[in-house]
Amino acid sequence: MNKIHPATVSLAARLTGLPKVALLGRPNVGKSTLFNRLIRSRRAITHDLPGVTRDRMEGAVLRRGLPPFVLIDTGGVSLDAHAAPQPGPVGLRGLEAEVMRQAERAMEEAEVLCLVADGREGLTPLDAHLADFLRRTDKPLLLAVNKVDGEERADLLLTEFYALGLPLLPCSAEHGYNMGALLEELAGLLPPGAPQSSNETDETALPTDGTADEETPETAEKAPMRLALLGRPNVGKSSLLNALAGEDRMIVSPAAGTTRDSVDVPVQLDGVPGILVDSAGVRRRSKITDTLERFSVNSSIKSSTKAQLTLLVLDGQEGLTQQDKRLLELLDERKLTFMVLVNKADLIPTDKLREVERSYRQALAYCPHVPLLMVSAFNRRNLKKIAPLARDIMQESRLRLNTGRLNRLLEDMLQERQPPLIKGARAKFHYLTQAETEPPTFVFFVNDPERVNDAYSRYLERALRRMLGIKHAPIRLRLRGRRAAEKV
Ligand code: GDP
Ligand code: GDP
């Protein structure tokens, strides 16, 4: 582990003068795992200071397109680093004091601070104490909530951390979730004047141990898109699927013998590989014509929750039924990414098409961002527009912005329209951060969320969409007050 690679010596010389980012936090939150991930386990360029088992390590983060910086793992406050484990409250105080000492040291020497917490364990008093302590510097600070291993639970795990009022990013060092986003965020917080971009990739300049990196946005884009076709029976889902996929391309062969509630069917969407997440609806109907098949809004939406993009199919002849409305509401409420296909357009006289389209758009006025196409599986009307539109929505949905840029946008938004006077005062916005993607989720930190009325929230959403060019993807806005943090 301490073997020094020949490349290290010259590298070490180049590292001096680079800005430093410190990882801090309680023991066991995953700092060291995170450190190894971010420097890609290049232990050859880390060094242990003598004296303790694992005191602190430094490593370079050199990634193409990002300014280079040195990462410090303030590391090992393990009780065995002290003379003997101290049980009880005394031990805890000793540990706490040690953590605080390291935080103090990091505050002095690092340009950017990254507080790491354990999302599974939740917010502990020591985390809150550390956050309060770190807030005293004017150094940029980011809270990384680690061990958020499955994105589905992220929301739940994060709730209490928002109360700290810090820009926050969920991640999983162990599974590589959000590692790229974390690096970008940290790099975005580096002081201006720092070297702007690293042209050397670590692959060429440095030894590598071949550790797999997380899914980068580029590879995510190359991965097949997960689609769901949703709609009442008989609206034409199977016909559309066949028209889109090309009959022989659709392989309906769920792995034999497995009992799963949904099956992935590989499809080609206009030449682009995709995966149709099918919770039996489309597939079953294409096999047996069971017109009596019961339709349940709740169970049919299941495949949508497993897909990245849902194609909601409506029957252009029948208009919007109650069931269609319920499906639309559910998709909108759950902020699922979807587009509406009004099928069987061939049955609508050409001179009526615009009028029919307008009536559907009116019914969708409450979610104006959702794209709508008048299509026909029979005469292939507008089918060619589906794949490019799908790609655009996915790109918007995966958008990831760093806190620096978002805060400049926040300033613009506040200047363009100031918050309303409510109860004699205006809400004061502290900062804006992005917590998640797919869909992009933005958190506004504000002194008193009660002073932000619906009209102003709607303005914020419109302004964000306009400034970021998010036309069709759903976005989520959250307002967090700082009161809870002050109470901690
Ligand atoms: P440190 O004391 O803060 O440096 O924490 P370590 O990096 O030593 O990690 C403490 C424990 O948490 C180890 O057992 C890790 O394997 C585990 N761990 C680290 N990151 C994650 C994660 O993202 N998810 C889960 N489930 N465990 C993690
Ligand atoms: P699903 O239950 O949603 O999968 O619907 P199907 O694809 O089985 O189609 C239901 C009925 O609508 C069938 O009789 C299809 O022939 C018919 N259909 C599907 N798409 C179109 C279309 O674009 N135009 C017309 N005129 N009929 C269609």
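Please refer to the structure placed before this passage.
Residues numbered from 1 in each chain as written. Chains lettered and ligands numbered in written order. Predicted model: local features only at pLDDT ≥ 70, side-chain atom pairs only at ≥ 80, totals over all residues. Heavy atoms only, no water.

### Quick notes on the sheet that holds strand S16 (residues 441–446)
For clarity, the threshold we go by: Strands were regarded as paired on the criterion that DSSP finds at least two bridges between them. For the purposes of this entry, the term helix denotes a DSSP run of H or I that reaches at least four residues, the term strand denotes a run of E that reaches at least two, and both are numbered from the N terminus. A fitted line through C-alpha atoms serves as each axis, taken over the contacting stretch for helices, and the angle formed by two N-to-C directions is quoted from 0 to 180°. In this analysis, two residues are considered to be in contact whenever any of their non-hydrogen atoms come within 4.5 Å of each other.
One open sheet accounts for three strands, arranged S15-S16-S17; its pairing is mixed. Both edges of this open sheet fall to strand S15 (429–436) and strand S17 (476–480), since each of them pairs with a single strand only. Averaged over all neighbouring strand pairs, the angle between strand axes comes to 20 degrees, with direction disregarded. The sheet contact formed by S16 and S17 spans five bridges and is parallel. Bridging from a neighbouring strand, Phe 445 pairs with Arg 480 of S17. Along the sheet, helix H16 (residues 403–416) contacts S15 and S16; its crossing angle with S15, the most-contacted strand, is approximately 135 degrees.

### A short note on the side chain of Asp 315
This is how the line gets drawn: When a residue's accessible area, from a 1.4 Å probe over protein chains only, is under 20% of the maximum for its type it is buried; when over 50% it is exposed; and in between it is partly exposed. Contacts described as polar in this section are N or O atom pairs within 3.5 Å, which, within protein, must combine one atom able to donate a hydrogen with one able to accept it, while residues neighboring in sequence count only if both atoms come from side chains.
Its location among the elements puts Asp 315 in strand S10 (residues 309–315). Of the residues examined, Asp 315 reaches a relative accessible area of 4% and is grouped as buried. Among the polar contacts made by the side chain of Asp 315, one reaches the side chain of Lys 344 at a distance of 3.1 Å. Discounting chain neighbours no more than four positions away, the residues touching Asp 315 are Arg 232, Asn 234, Val 235, Asn 343, Lys 344 and Tyr 360.

### Notes on the pattern of salt bridges
Rules: Throughout this description, the term salt bridge denotes a Lys or Arg side-chain nitrogen within 4 Å of a carboxyl oxygen of Asp or Glu.
Taken as a whole and judged by the stated rule, the model has 13 salt bridges. Salt bridges sharing partners connect three or more residues here, namely Arg 26, Glu 121 and Asp 127.

### What about the packing of aromatic side chains?
Quick note on the threshold: Stacked, tilted and edge-to-face pairs are distinguished by plane angle, under 30 degrees for stacked and over 60 for edge-to-face with tilted covering the rest, among Phe, Tyr and Trp rings (Trp via its six-membered ring) whose centres lie within 6.5 Å.
A complete count under the given rule lists four aromatic pairs for this structure. Arranged with centres 5.8 Å apart and planes meeting at 80 degrees, the rings of Phe 429 and Phe 444 form a pair that is edge-to-face. Residue Phe 429 is located in strand S15, and its partner Phe 444 is located in strand S16; the two are separated by 15 residues in the primary sequence. Judged on exposure class, the residue Phe 429 and its partner Phe 444 are both buried. Ring plane angle 50 degrees and centroid distance 6.1 Å describe the contact between Phe 429 and Tyr 456, whose orientation is recorded as tilted. A residue pair is termed long-range when its members are at least 10 positions apart, and Phe 429 in strand S15 and Tyr 456 in helix H17 (residues 454–468) qualify at 27 residues. On the accessibility criterion, Phe 429 (9% relative accessible area) is buried. Here the aromatic cluster, defined as three or more aromatic residues joined through ring pairs, consists of Phe 429, Phe 444, Tyr 456 and Tyr 459.

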